[in-house]
Amino acid sequence: MTGERMACLTIPNFRVVLCLHDEPFLQDKPLVLTADDSDLAPIVAINEKAASAGLTLDITATQAATLCSDLAIRVNDTVKEIEASNAVFKKLQSLSPFVEETDPGRFFLDAAGLTLLYKDERTFAEKMIRLVQTFGYPARAGIAGNKFVAAVAAEISDDNAYAIVPTGHEGAFLKDLPIRHIPLSPETEETLHDLGLKTIGQLAAFPANEMIRRFGPEGTALSQLARGESDTYFLPESPGEELTDSVHLTFPIHNTAAILTYIEQLLSPLLAKPKRFNQGCRRIKVTLTLENKKEQSLPVYVEQPTLDTAIFLRQFSLDLDKLKLSRGVTSLKVTIPQTERLLTEQLIMSPADGMAVSEKKSFENINDHSSVYTPRLHPAILPEQRFSLMPLSDRRRNKQPIIECFHPSPLYSLGNISGLRLFQPPCRVTVVIAEHRPVELIIDGPTGAESCCITSWHGPWQLSGEWWASSFDRLYYEVRGYQVSRLQDKQPRRNRRGFDLQNHLQKHPFIFSNRHAERSRSITTVQQGCRYLLFYDRSNSNWFLQGVFD
């Protein structure tokens, strides 16, 4: 993989795929997705059955309903689209350091200079497809010398397949393909059809000066694309860059609620981009253009980097009330000048029980401070390597201990980790899954098997290595429940709460297990709450116990 090489990874009809994940019964019906729930809402995506019924993207939902009687109409879930896109983007970063998303479900990766990581380009393409398949999405891949040819190569491939175009063979690859693979305006496409030009090869053979005379600047681009040449820049996203977006209004607005609505629509997609790199921001700038053409810039600050749009909106609302605009607002612009790395994606979340946890603890009543230890954070990747216990230091001058107690909220927990004992290394366990949620944790010990009947759980939080680091992929869960003991007995017993776990397991036998042994068990409950930190290792399909909360 030498020279300039680009890879394109496409999830065909990405928005429809996401909708069918939630409503698979729509698979065999004509389906359209609209931008909103109004009658005149534009259509943003259609499935194959809707296309075969004559529906296109340039009509409204009302028009589509009159053309197709059994049509299913759904509103596109923008939030879900962004979250799903971010998840795929993060995964692709483990394959190549430079990734760009140009459209929903279409990603470009730098495929040059990866010889040491992948045997050849076929291996690289197969890894991209397998990665997307883990989400349950169909994928197509293409690799070529520029973005345009790579995108066409992915477009003409079958689902879960790929095409590779060697450098210098772009023209031959495009020769027999129809001209619809080239981005054309409707007028230009009609003119080319009238001229009898149906394939890209015919378009490439058309004199370049004649193309320029007929179509102007667009003709120059058409001639280049037909020859397999493209000057489209590869613009991979990178952390720390300035992000901005704006909207121009058809009429002035004065209402604070309306201004906040537009700010939210601009800010939410902007904050989705730094999330891909586990970054947030603590400062944004909102620029309002008034009816008299004057601009009002309002910087909004928060205490710590965050990705929560609501925090910025609350602060901006307070600043806007103080400003008291004299004229209506005709346009808005939101800018994120700089992003910063997040310590955790759960920084703003409080503990699950809703109780406030103090960041500091007083040890004034302890006589011997040499026996008191506090956790310290280390710059490691794996959780079991991030913390160590260090003795508290004393300030002899004031005879007061210097408390350096550190209770962070790490990536894999809802809140404070005070009282968490990490296992080094993590302990392999068995987890029973029922209805897509963990219901029981089984731990083998020297005195027999102990288990926890899980009553509540949070997660998963995904933790994975970057492309340059060690390869691991984990899903973390924080679970709570009641400890139960296992006795080898063929007669099942009910615990004090009337819950027959054996009968429950018979109804839900789906088990992710590191052991596959049948057990006849009788369950008795120990009235004691338990809280565990678990993770599922997706690379080897095993469950592990990461730590226990005392």
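That block above? That's the structure.
Because the structure is a prediction, the values reported are computed rather than measured. (Residues numbered from 1 in each chain as written. Predicted model: local features only at pLDDT ≥ 70, side-chain atom pairs only at ≥ 80, totals over all residues. Heavy atoms only, no water.)

(A) Layout of empty space enclosed by the protein. Evaluation of the coordinates by the stated rule reveals two cavities of 30 Å³ or more. Taken as a whole, the largest cavity holds about 60 Å³ of empty space. Around the largest cavity, the lining residues are Glu237, Ser238, Pro239, Gly240, Glu241, Leu243, Lys273, Pro274, Phe277 and Thr339. (1 Å grid on protein atoms, 1.4 Å probe; cavity = no way out; pocket = protein on both sides within 12 Å on 5 of 7 lines; lining within 4 Å. Points joined across faces, edges and corners; volume = space filled by probe spheres on them.)

(B) Geometry of the nonpolar core. Within the largest apolar cluster, 29 residues are counted, with the highest numbers of intra-cluster contacts made by Leu9, Leu109, Phe124, Met128 and Tyr137. Elements with a contribution of two residues or more to this core: β1 (6-10), α1 (14-22), α4 (78-92), β6 (106-110), α5 (121-133) and β7 (140-144). Examining the composition of this core, we find that six residues originate from one element, α5, more than from any other. (Core = buried A, V, L, I, M, F, W, Y, C linked by side-chain atoms within 4.5 Å. Buried < 20%, exposed > 50% of the residue type's maximum accessible area, 1.4 Å probe, protein only. Helix = DSSP H or I, 4+ residues; strand = E, 2+ residues; numbered from the N terminus.)

(C) Geometry of the layout of surface pockets. Here the second largest pocket defines a volume of roughly 1,100 Å³. As for the second largest pocket, its lining consists of 36 residues, and the residues nearest its centre are Pro12, Asn13, Phe14, Val16 and Ile46. Mapped onto the lining of the second largest pocket, the elements with two or more residues apiece are α1, β3 (43-46), α2 (48-52) and α6 (147-155). In terms of residues, the lining of the second largest pocket owes the most to one element, α1, which gives six residues. When grouped by side-chain class, the residues that make up the lining of the second largest pocket number 17 nonpolar, ten polar and nine charged. (Nonpolar A, V, L, I, M, F, W, Y, C, P; charged D, E, K, R; others polar.)

(D) Quick look at the packing of α1 against α4. With their axes 11 Å apart at the nearest point, α1 and α4 run at an angle of 105° to one another. When the interaxial angle is binned, α1 and α4 end up roughly perpendicular. On α4, the residues touching Phe14, Arg15, Leu18, His21 and Asp22 of α1 are Lys80, Glu81, Ala84 and Ser85. For the contact of α1 with α4, a count of residues per class yields three nonpolar, two polar and four charged. (Axes fitted to C-alpha atoms, helices over the stretch in contact; angles between N-to-C directions. Parallel < 35°, antiparallel > 145°, perpendicular 65-115°, else oblique. Contact = heavy atoms within 4.5 Å.)

(E) Just the sheet that holds β7, in detail. Here five strands make up an open sheet; going across it, the order is β5-β6-β1-β7-β8 and the pairing mixed. Each edge of the sheet is formed by a strand with only one pairing partner; in this case those strands are β5 (99-103) and β8 (161-164). Each adjacent strand pair in this sheet contributes to an overall mean axis angle of 20°, direction not counted. With five bridges connecting them, β1 and β7 associate as antiparallel partners. Its bridge partner being in β7, Leu9 is matched across the sheet by Ala141. Taken strand by strand, α5 contacts β1, β6, β7 and β8, and its axis lies near 150° from that of β8. Set on the sheet, α6 makes contact with β1, β5, β6, β7 and β8; between it and β7 the angle comes to about 145°. (Pairing = 2+ DSSP bridges.)

(F) Highlighting the state of the cysteines. Enumeration over the complete set of coordinates arrives at one disulfide. Across the disulfide from Cys452 sits Cys530; the S-S distance is 2.4 Å. In this structure the cystine formed by Cys452 and Cys530 twists about its S-S bond by roughly 65°; its chirality is therefore right-handed. With Cys452 in strand β20 (residues 448-464) and Cys530 in strand β23 (residues 521-537), this residue pair connects regions lying 78 residues apart in the sequence. (Disulfide = S-S within 2.5 Å.)

(G) Fine view of the pattern of salt bridges. As enumerated under the stated definition, the model contains 13 salt bridges in all. The partner of Arg214 in a salt bridge is Glu210, with the nearest N and O atoms 2.9 Å apart. Taken together, the residues span about one helical turn, with Arg214 and Glu210 both in helix α10 (residues 208-215) at a distance of four residues. Across the pair Glu340 and Arg282 runs a salt bridge whose closest N-O atoms are separated by 2.9 Å. Linking Glu340 in strand β13 (residues 340-341) with Arg282 in strand β10 (residues 279-290), this pair joins segments that are 58 residues apart in sequence. Given a relative accessible area of 31%, Arg282 falls into the partly exposed group. In this structure, a network of salt bridges that share partners links the residues Glu210, Arg213 and Arg214. (Salt bridge = Lys/Arg side-chain N within 4 Å of Asp/Glu carboxyl O.)

(H) Spotlight on the environment of Glu100. Following the sequence through the fold, Glu100 ends up in strand β5. We classify Glu100 as buried; its relative accessible area is 9%. Here the alpha-carbon distance between Glu100 and Glu237, two residues 137 residues apart in the chain, equals 5.8 Å. Sequence-distant contacts of Glu100, defined by excluding residues within four places in its chain, comprise Phe89, Arg106, Phe107, Phe108, Lys147, Tyr233, Phe234, Leu235 and Pro236.

(I) Layout of a negative patch on the surface. Residues Glu187, Glu189, Glu190 and Asp194 make up a contiguous surface patch of negative charge. Residue placement: Glu187 occurs in helix α8 (residues 186-194). (Patch = residues over 30% accessible without salt bridge, like charges linked within 9 Å, V, L, I, M, F, W, Y side chains within 5 Å. Areas by Shrake-Rupley, 256 points an atom, 1.4 Å probe, with all protein chains shown as cover. Lys, Arg positive; Asp, Glu negative; His and termini not counted. Charge placed at Lys NZ, Arg CZ, Asp CG, Glu CD.)

Worth remembering: the numbers are spatial, not functional.
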